[in-house]
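Listed below are the residues making up each chain.
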Amino acid sequence: MRVGVVVFPGSNCDRDMYHVLTDVFDLDATYCWHEHGLPKDVDAIVLPGGFSYGDRLRAGAIAAHSPVIADVKRMAEASVPVLGVCNGFQILVEAGLLPGALLKNDSLSFMCEWTELLVQNNKTPFTSKFSKNQRIPIPIANGEGRYYADEDTLREMERNGQIVFKYGDRVNGSSGMIAGVCNPEGNVVGMMPHPERAAEPEINPTGRGTTSLMFESLRAGAAS
Amino acid sequence: MHLKKLPMEGPLVIYEKGYDSGVLDAGGGYVVTAHIESHNHPSAVEPYGGAATGVGGVIRDILSAGTRPIAILDGLRFGDITKDKHARWLFKSAVSGIADYGNCLGVPTVGGEVEFDACYQNYALVDVAAVGFGKKSDLIRNHAQKGDLVVLLGGMTGRDGVGGSQFASDLLESQDRSAVQIPDPFIEKLIIEAVIEARRQKLIHAMKDLGGGGLSCAISETADALGVGIEMDVKKVHTRESGMSPEEIMTSESQERMLIITGSAEIKRLQDICAKFRISCSVIGSVTSGGQMRIKQGQETLADLPASVVANASLLDLASKRPSYLDELDAEPPGPIPDHTRTLELLVASPNISSRAWVYGRYDHEVGIRTVVRPGLDASVLRLDNGRYLAVTIDASPKHCYVDPRHGAAGCFEEACRNVACTGARPAGMLDHLQFGSPEDPEIFWTFLESLGGLAEYSRDMGIPCIGGKVSLYNETPAGPIKPTPMVAVLGLADRPFVAQKAADGDSLIILGDTKDEMGGSEYYEYVHGIVGGACPVVDSAVSRKNMDAVLDLIEGRLVKSVHDCSKGGLAVAATELCMTSEIGCDVGLDVPGGAPLDAALFSESHSRYLLVADAKSLDSVTSLLGKRGVPFGMLGKFGGSRMRFADGKKTVIDLSVDKAQRAWSSSLGDLVHG
């Protein structure tokens, strides 16, 4: 399986994601600079975290207009799995590929800490190996990570199974404690926490490596 | 000339000409680079921008060697935030500046320290250390030859920060905000990626970051270091605004700029890389033979002088005299205190001891996925691509240095080494940053020389070379100079990471090292009694080495579950910290080696001490190893229950709920800031 890791000016988790995909999960990954089109042969796309365009205007707002986004949209429509992490999630929301918005945390400051997620939807290409309501330890690192959607949208998302992850605790004031969502088809997933920071035991202080199942889900999807 | 007292050579030290950062051989063909700087004056006036640009500058020093920055540590010092609203604002803004800059760069802020002391009232010390990592073969071997091109890359040159360094060395009387540079971490991030790409394609002959003094310093220092001349045209510099005078262009300290020397065969590829990242890149001049620095405006020559004159200002030997304040320090306090429990509670929640989570929770300390030991413990540990581990910490102890500059400075160096040893890493190199008031005051210059002497002596005794450093003088306000604040960063290397485990029911608490009646400059004296004076802890290098070797052996054999350094607040605070982080109580007997009386046994900050946690099955091996090594140690007691109890013989002197202590410890700094 070949995974395209999209790089925008200011992306800063691209190398971490690349390392985890290739060195830890033995997937084939390739960096895709935002000005170029995506290679035809990628089987999945990851938009990594960071500060694209220095978070100017709003986090993700400028990157959402990058040339590469047209290709991401096209491939998303063709059911290719797309994952946006942190700033990548913000970009997917700004690009209209996912519903809602990401606002400043209710603490009004950047937060870097470990938290726990509850898996709500285990039918996406990134969550198929989880059981429903499985708890996974994972770190967050963001300033604008508070998920917001209006009541009607939330109800509709709930109906469609578009809520993928919820926080185990009240972390940042997100609507419905939402940490990650997907499109109605389930192939485009966005999440604020960083799975690539929890996938190796050495850097995971909780001693529970269950977050790795995200990458194993992706790999299993390729094999099937 | 005095700085030459510090031993700069060691088996792992690599020296390259024209570097601002120190280089250590990390093994397997890899190197670690490190540098430390302060941005004190700018931060005292405009704390957000001052702190942010402090991060930016030191990151570019790391980049200049051709290495990728992998970690930031910051040491922050402000006035008394319990009383001083302005100090609170300075603190909060400096933390935001560091967070916004480092987080955006994607360089993790993995450690640091914060201290409050009335001597920093209306002032701020913002020290930033940065660490880089790369292949030895990728280091930029600075060189240049006639005809090479001089390129200015990155942000535009503007009127911000004109004369910034001069301002930084004036006494802080005026609040000249326009002398503070404006930070732009996004441009810095693009520069990092562009420079690393240019290095990968081997397009860089020599490189230097633009810092204090702007172009004038970067050009003259580069020419001087490489033994060449440089001719440049101020008209070729890309500026942010029109109508800038040549003087403004040459001395602007606008941030996020690098000076690169490349060849005419490589310039096109360098320009292509800059175009990819959309950063400006101007060819501003060329390398000439001879050592002249020639500044032109079009055809007109504005300056033509030997680069060596500009680059090498002489360091004066100034008069020094033992300060009279040393004879006027407070006497030792009046006997023991009645309520030790209340004292411990006070100390645990005090601004200088309470948890720093409010600070490091704002910093991305995970990005780069190298962070094995996170901030909040003794030293932070990063994994390296060569399979080894780097432990790093910074320390300063101005309260000790004030009452005894020599032993205070050696002590903070020793403490930094202890912190590194607690992670199982052996100290391999140090950086120092010497921060004092005006050196023209003989009494201050005396404290400078004493501190330097203390650092040099410990460095020599331990064989830990100084790989870099910096001096920051004139740290004064109209109210007077700061306390002597030498800061030390220590880097250590380990083959295996040692990650502390929580203490569990039945585990033993052991103290290694002598506790002495050395309470001068302690938090106990200053925070509890309001006394500035007394005998400051003294470092004995032979003891330091022996105790450290024993700790490293225990860790190597994985005989202990955790090791914690005993420093600020003494044994009482260190033991409480272990209990709070392990969420368990402990019964501690105060029969400690060294023969300290009760209050000193609890709160003395004697050096070379470590707290060890061992489970029942390895306890015998631990005590037999310590016995064989002939180091002083004492069995303090066992973990269990939910209360901290300290007993003096049969008498319980402290009885405190761990949960209650934990709540006070973890919330007090945030409460103070928001209060």
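Residues numbered from 1 in each chain as written. Chains lettered and ligands numbered in written order. Predicted model: local features only at pLDDT ≥ 70, side-chain atom pairs only at ≥ 80, totals over all residues.

### Focus on the overall build of chain A
So, point 1. Along its length, chain A carries five helices and eleven strands.
So, point 2. Computed over its C-alpha atoms, the radius of gyration of chain A comes to 16 Å, within 12% of the 17 Å expected for a compact globule of 224 residues.
So, point 3. Dimensions of chain A, computed from C-alpha atoms along their principal axes, come out at roughly 40 × 40 × 35 Å.
So, point 4. The contacts of chain A with a sequence gap of at least 6 include a subset with a gap of at least 24, amounting to 76%. (Helix = DSSP H or I, 4+ residues; strand = E, 2+ residues; numbered from the N terminus. Rg over C-alpha atoms; globule rule 2.2 N^0.38 Å. Contact = placed C-beta atoms within 7 Å.)

### A closer look at the interface of chain A and chain B
Buried accessible area, meaning the area lost when the parts come together, often serves as the stated size of an interface.
So, point 1. Taken together, the 22 residues of chain A in the interface contact 24 residues of chain B.
So, point 2. Of all elements in the fold, only α1 (14-24), β6 (111-119) and β7 (135-142) of chain A reach the threshold of two or more residues within the side of chain A that touches chain B.
So, point 3. The element that contributes the greatest number of residues to the side of chain A that touches chain B is β6 of chain A, accounting for three residues.
So, point 4. When its residues are assigned to classes, the side of chain A that touches chain B shows eleven nonpolar, six polar and five charged. (Nonpolar A, V, L, I, M, F, W, Y, C, P; charged D, E, K, R; others polar.)

### Things to note about the sheet that holds strand β1 (residues 13-14) of chain B
All names here are of chain B.
So, point 1. Read across the open sheet, the six strands follow the order β1-β2-β3-β6-β4-β5; overall the sheet is mixed. In the strand order of this sheet, the two ends are held by β1 and β5 (109-116), each with one partner.
So, point 2. Docked against the sheet, helix α2 (residues 47-64) engages β3 (30-38), β4 (68-78) and β6 (125-135), running at close to 25 degrees with respect to β6. (Pairing = 2+ DSSP bridges. Axes fitted to C-alpha atoms, helices over the stretch in contact; angles between N-to-C directions.)

### Description of the sheet that holds strand β10 (residues 178-182) of chain A
All names here are of chain A.
So, point 1. An order of β2-β1-β3-β4-β11-β10-β9-β6-β7 is seen for the nine strands of this open sheet, with the pairing classed as mixed. The strands lining the two open edges of the sheet, one partner per strand, are β2 (28-33) and β7. Each strand of the sheet is rotated relative to its neighbour by a mean of 25 degrees, with strand direction disregarded.
So, point 2. In this structure, strand β3 (residues 44-47) lies alongside strand β4 (residues 82-85), joined through three bridges in parallel fashion. Considered in β4, the bridge of Val46 is made with Leu83.
So, point 3. Strand contacts of helix α3 (residues 87-94): β3, β4 and β11 (188-191), with the helix running at about 115 degrees to β4, the strand carrying the most contacts.

### Quick look at the pairing of β10 of chain A
Residue and element names in this part refer to chain A.
So, point 1. Within β10, five of the five residues are buried, which leaves it mostly tucked inside the rest of the structure.
So, point 2. For strand β9 (residues 163-167) and β10, the ladder comprises three bridges, and the chain directions are antiparallel. By the bridge assignment for β10, Lys166 is matched with Ile178.
So, point 3. When β10 meets β11, the two strands line up antiparallel, connected through three bridges. Looking at β11, one finds that Val181 is bridged to Gly190.
So, point 4. Counting the residues that bridge the hairpin from β10 to β11 gives five residues, and of these Gly186 lies at a positive phi of roughly 90 degrees. (Buried ≥ 20, exposed ≤ 12 C-beta atoms within 10 Å, placed from the backbone.)

### A few points about helix α3 (residues 85-105) of chain B
So, point 1. Taking 1.5 Å per residue, 21 residues should reach 30 Å; α3 of chain B reaches 30 Å between its end C-alpha atoms and fits that length.
So, point 2. Across the 21 residues that make up α3 of chain B, a large majority, 16, are buried. (Expected span 1.5 Å × (residues − 1).)

### Section: unusual backbone geometry
All names here are of chain B.
So, point 1. Phi angles above zero are rare outside glycine, and Arg278 is one such case at about 55 degrees.
So, point 2. Mapped onto the elements of the fold, Arg278 is located in the loop between α8 (267-277) and β11 (281-288).
So, point 3. According to the C-beta neighbour criterion, Arg278 is exposed, with 11 such atoms within 10 Å.

### Thoughts on the packing of helix α17 (residues 570-582) of chain B against helix α20 (residues 658-674) of chain B
Packed helix pairs are specified by the crossing angle of their axes together with the interaxial distance, meaning the distance between the axes.
Residues and elements named next belong to chain B.
So, point 1. Where α17 contacts α20, the two axes come as close as 9 Å, and the packing angle between them is 95 degrees. Judged by the inter-axis angle, α17 sits roughly perpendicular to α20. Of α20, the residues touching α17 (which contributes Thr576, Cys579 and Met580) are Val658, Ala661, Gln662 and Trp665.
So, point 2. Here the residues of the contact of α17 with α20 sort into five nonpolar, two polar and no charged. (Parallel < 35°, antiparallel > 145°, perpendicular 65-115°, else oblique.)

### Regarding the packing of α3 of chain B against helix α5 (residues 185-200) of chain B
All names here are of chain B.
So, point 1. Where α3 meets α5, the axes come as close as 9 Å, and the angle between the chain directions of the two elements is 35 degrees. Crossing of α3 over α5 shows right-handed handedness. For the pair α3 and α5, contact is made by Asp100, Tyr101, Cys104 and Leu105 and by Pro185, Phe186, Glu188 and Lys189, respectively.
So, point 2. Its residues placed into classes, the contact of α3 with α5 shows five nonpolar, no polar and three charged. (Left-handed = near helix turned anticlockwise from the far one by under 90°.)

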